[in-house]
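Take a look at the letters that make up each chain.
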Amino acid sequence: MTKVCIYGAGAIGGLMAAALSEAGADVSLVARGPHLAAIQDKGMILRKDGQETTYKIKASGNPADLGQQDYVIVTLKAHSVPAIVDQFTPLLGPETAIVPAVNGLPWWYFYKADTGTVLDDNPLETVDPGAAQWKAFGPQRAIGCVVYPAADVPEPGVIEHKYGNRFSLGEPDGSQSERLERLSNLFIKGGLKAPRKGRLRDELWIKLWGNCSFNPVSALTGASLDQIGANAACTDVVRRMMLECKAVGEAVGARFAVDVERRIEGGTEIIGHKPSTRQDVEKGRPMELDALTSTVLELARKLDIPTPTLDAVAALVRMQGSVLGLYQHNEALESLIFKR
C-alpha cells in the first residue's frame, strides 16, 4: 500500500487526504493545535456537495510517529517550510518523493529547467533562504503540483470543499516517471483530476500571473476580484503587472497559453471572492508574499528585466504586512529584489 503523508492538514491538505484515503492509500497527517485534536478525537470531516464524510486518518504533531513515506505532500504556506526542514527527516526514505502543493514558484523550480540562463540548477532565495529545502530534501525528490481547488477550515477538524478538483502534476524534467503516474492514478481514483504535465512550469506561471497581481492589489484595497475588474484604473494596474510578469516568465522559457485580457477576465468574473492574501489580512494570519511577488522580482533583478509596477505594488504590500505585524521585513531579501 502506498504511504502518503500530508504535511500541513489544512483546507487543501485535508481535501487531498480525503481523496487519497478513498483511493486506498495509507494516508497520515501532520497537523497541530485544535485542528489536530479534533481529527484525533472524531476523525477528519469533509463537507462536499452538501454531504459530510468522516475519515479516520492517523494524525500527529510529531512526524517521527508516522515513519518513512512514499510521498510527502507539503501543503504549508511556502514561507513556513525552510525553518522546519529538519522536522521532515523521519518521513524521508531513500526513494521518498516530496510534492510541494504551494502557491507561487516552488523552491525546486530551476532544477533541470534548462532555461539557458544563470538561474539553471540554482535555488530561489526568496522562497528557499539559504537553500534550506534544496540542501535538506534534494531537488531530485521533487514532484511539481499546481493547486486549483478552493477549500476552507470552518472549524477544527472540518474541511469544506468550495470548488475545483484539479491538481496538475509534473516532474521537473518533464518526464513521465513511474512515481508520477502512481501518484496521479491515486488522485484520480480518489475522485480528483490529476493530469500529468510535461510542461508544468507553464501552468505555474499562469497561476502566478494572477497571484502576483490580483493578490497584492486586493490585499491593499480590500476589494474582491470582481470589484477590481469593475474599476478601470485598478484593472490597468493589474494589466501592467501581468505584462511585466509575463516578460520575466518568457525569459525563463514559460509559454503563456492565454493572453492578458483573457486572464484578467477569468479572474474578475468570480463574484465576491477575495484572494488568499487579502484573507490573510482580514484574519490576521502571516501574509504569503514572497512566493507570490518577491520571486518574480528576484528573477527580474538577476535577468535585468524592468518591472516598475510590480516593484511599486510589491513594496507597498510588504510595508502593509510589516505594519500589521503579518510579514517579517528582511533587509537581505530587500537588497535582493529592490532595484535602487
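Use the structure listed above.
Quick summary incoming for the structure in this document. A quick note: this is a predicted structure, and the numbers were derived from the prediction, not measured. (Residues numbered from 1 in each chain as written. Predicted model: local features only at pLDDT ≥ 70, side-chain atom pairs only at ≥ 80, totals over all residues. Heavy atoms only, no water.)

What follows concerns the overall build of the protein. A count of helices and strands for the protein gives 13 helices and eleven strands. Oriented by its inertia axes, the alpha-carbon framework of the protein measures out at about 50 × 40 × 35 Å. Buried residues in the protein amount to 56% of all 340 residues. Here the contacts in the protein between residues at least 6 apart in sequence split such that 71% fall between residues at least 24 apart. Total accessible area on the protein stands at roughly 14500 Å², and carbon and sulfur atoms take up 51% of it. (Helix = DSSP H or I, 4+ residues; strand = E, 2+ residues; numbered from the N terminus. Buried < 20%, exposed > 50% of the residue type's maximum accessible area, 1.4 Å probe, protein only. Contact = heavy atoms within 4.5 Å. Areas by Shrake-Rupley, 256 points an atom, 1.4 Å probe, with all protein chains shown as cover.)

Before going further, it helps to examine empty space enclosed by the protein. Per the stated rule, a full pass over the model turns up three cavities of 30 Å³ or more. One number sums up the size of the largest cavity: a volume of about 80 Å³. Along the walls of the largest cavity sit V74, A78, V81, I98, P100, V102, N103, L105, P106, W107, V127 and Q133, which together make up its complete lining. A breakdown of the residues in the lining of the largest cavity according to their chemical character gives ten nonpolar, two polar and no charged. Around the second largest cavity, the lining residues are V102, N103, G104, C145, V146, V147, L204, K207, L208 and N211. Elements supplying a minimum of two residues to the lining of the second largest cavity: β8 (144–147) and α5 (200–211). For the lining of the second largest cavity, the element with the highest residue contribution is α5, accounting for four residues. Grouping the amino acids of the lining of the second largest cavity by side-chain chemistry returns six nonpolar, three polar and one charged. (1 Å grid on protein atoms, 1.4 Å probe; cavity = no way out; pocket = protein on both sides within 12 Å on 5 of 7 lines; lining within 4 Å. Points joined across faces, edges and corners; volume = space filled by probe spheres on them. Nonpolar A, V, L, I, M, F, W, Y, C, P; charged D, E, K, R; others polar.)

By size, the foremost hydrophobic cluster in this structure holds 70 residues, and its most contacted members are F88, Y109, F110, F137, W205 and L299. V4, A19, C145 and L183 belong to the second-largest nonpolar core, a separate cluster that totals 39 residues. (Core = buried A, V, L, I, M, F, W, Y, C linked by side-chain atoms within 4.5 Å.)

Another point: the packing of helix α6 (residues 214–221) against helix α12 (residues 308–324). When two helices pack together, their arrangement is given by the angle between the helix axes and the distance between those axes. For the pair α6 and α12, the least separation of the axes is 10 Å and the interaxial angle reads 50 degrees. As far as their axial angle goes, α12 and α6 are oblique. Here α6 runs over α12; the crossing is left-handed. Contact residues: P216, A219 and L220 in α6; V313, L316, V317 and Q320 in α12. A class-by-class count of the residues in the contact of α6 with α12 yields six nonpolar, one polar and no charged. (Axes fitted to C-alpha atoms, helices over the stretch in contact; angles between N-to-C directions. Parallel < 35°, antiparallel > 145°, perpendicular 65-115°, else oblique. Left-handed = near helix turned anticlockwise from the far one by under 90°.)

Take the layout of surface pockets next. In this model, the second largest pocket occupies a volume close to 470 Å³. Lining the second largest pocket are 20 residues; nearest its centre among them are H79, P129, D290, Q328 and N330. Every element with two or more residues in the lining of the second largest pocket is listed here: α11 (290–303) and α13 (331–337). Counting residues per element, the lining of the second largest pocket draws most heavily on α13, which supplies three residues. Across the lining of the second largest pocket, the residue classes break down as 13 nonpolar, five polar and two charged.

So, about the sheet that holds strand β4 (residues 51–55). Two modes of strand pairing occur in sheets, parallel and antiparallel, and in both the strands are linked by backbone hydrogen bonds. Taken in spatial order, the four strands line up as β4-β3-β10-β9 in an open sheet, and their pairing is mixed. For this open sheet the edge positions go to β4 and β9 (150–155), each flanked by a neighbour on one side alone. Each adjacent strand pair in this sheet contributes to an overall mean axis angle of 25 degrees, direction not counted. Alignment of β9 against strand β10 (residues 158–163), held across four bridges, turns out to be antiparallel. Across the sheet, residue A150 finds its bridge partner in β10, namely Y163. (Pairing = 2+ DSSP bridges.)

A positive phi angle, close to 60 degrees, is found at D121, a residue other than glycine. With respect to the helices and strands, the residue D121 is situated in the loop between β7 (92–100) and α3 (132–137). Of the residues examined, D121 reaches a relative accessible area of 44% and is grouped as partly exposed. Unusually for a residue other than glycine, D304 sits at a positive phi of about 55 degrees. Locating D304 in the fold gives a position in the loop between α11 and α12. According to the relative accessible area criterion, D304 is exposed, its value standing at 57%.

We now examine the pairing of β4. Of the pairings in the sheet, the one linking strand β3 (residues 44–48) to β4 comprises five bridges and is antiparallel in character. Within β4, the residue paired with M44 across the bridge is Y55. Remark: two residues form the turn of the hairpin made by β3 and β4, two consecutive strands paired antiparallel; D49 in that turn has positive phi of roughly 55 degrees.

Let us now look at the packing of α11 against α12. α12 packs onto α11 with a crossing angle of 140 degrees between their chain directions and a minimal axis gap of 10 Å. Comparing their axes, α12 and α11 come out oblique. Between α11 and α12 the crossing geometry is left-handed. For the pair formed by α11 and α12, the contact residues are T293, S294, V296, L297 and R301 on the first element and L310, D311, A314 and R318 on the second. Partitioned by chemical class, the residues of the contact of α11 with α12 number four nonpolar, two polar and three charged.

In short, the description is geometric, and any link to function would need to be established separately.
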